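# Examination of the molecular architecture
Each chain is listed here by its residues.
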Amino acid sequence: MKISNNVLPNFFNKATTFTKTDNGNISEQKNTKETGVKLSVNIEEPPKKTIEKQEQLSNLSLIEGSAYATLFKNDEFDFTNMSTNELHYIVKTANDMDREYTQKFGSEEPVRRDQAGNPIISRKREEMLNLESTLNILSFGGGNVDPDEKINIKEYLTASSKQSDNEAKNYPERSTYQVRASYMKEIINTFNNFISDDTLKLYQEKATKLLTDANKVDLLI
């Protein structure tokens, strides 16, 4: 069927005016200027701050109640008034998260190998596990302080390191004291690095990535 152009809707209408002539007749005058009707739809994108706020709320919902929630409470950490039990739990949580992160996303640490050529854990992970092990011993009362007593952790570890140093100096023939002194220095260095803002932030970023990835898997299932 042929459709006449005359019945098609015209979005460009010519303006028409009517004027009265000298003899009283009405004269139709057409203005050749076309008036266009433009249709537009404005789609406004949400402000950047709104998007960032939504992402923060989404991350918070994932973090709360998760196994790694304690890593995000760094504002509450007071290492001058903390028990060895509390510190042990924080360090263990960080190590557990880091192990899971490495299994899923790999490690940025250089690969180390034993004498047989087999890959072994990174130096950084070894140091963190040593710190966890030391705190584990202290949390079971292996030190000279109540594991539930709130103390200045840094001062306590520093005093222990100095004591080991003195024993190593007083008994140079005893290799056990030398090893203990060296070990305690590493513990102090690892602890100082762990409680730095940059390190805690890195653990939070890794935990967030893990939790977000796990949430995506749940949604797909």
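Residues numbered from 1 in each chain as written. Predicted model: local features only at pLDDT ≥ 70, side-chain atom pairs only at ≥ 80, totals over all residues. Heavy atoms only, no water.

## Remarks on the packing of aromatic side chains
Two numbers describe a pair of aromatic rings. These are the distance of the centres and the angle of the planes. Under the definition given, this model contains five aromatic pairs. Ring plane angle 90° and centroid distance 5.9 Å describe the contact between phenylalanine 79 and phenylalanine 191, whose orientation is recorded as edge-to-face. Of the two residues, phenylalanine 79 sits in the loop between α1 (48-63) and α2 (84-105) while phenylalanine 191 sits in helix α5 (residues 175-194), which places them 112 residues apart along the sequence. The same class applies to phenylalanine 79 as to phenylalanine 191, namely buried. The structure contains a cluster of three or more aromatic residues connected by ring pairs, namely Phe77, Phe79 and Phe191. (Phe/Tyr/Trp six-rings, centres within 6.5 Å; stacked < 30°, edge-to-face > 60°. Helix = DSSP H or I, 4+ residues; strand = E, 2+ residues; numbered from the N terminus. Buried < 20%, exposed > 50% of the residue type's maximum accessible area, 1.4 Å probe, protein only.)

## Notes on the confidence of the model for the protein
Per-chain confidence: the protein averages 79 in pLDDT, with 70% of residues scoring 70 or above. Note on residues 6-15: pLDDT under 50 across the span, and 16 contacts to partners over four residues away in sequence or across chains. In this model, residues 217-221 is a region of pLDDT below 50 whose contacts with residues beyond four sequence positions or in other chains number zero contacts. (pLDDT = per-residue confidence, 0-100. Contact = heavy atoms within 4.5 Å.)

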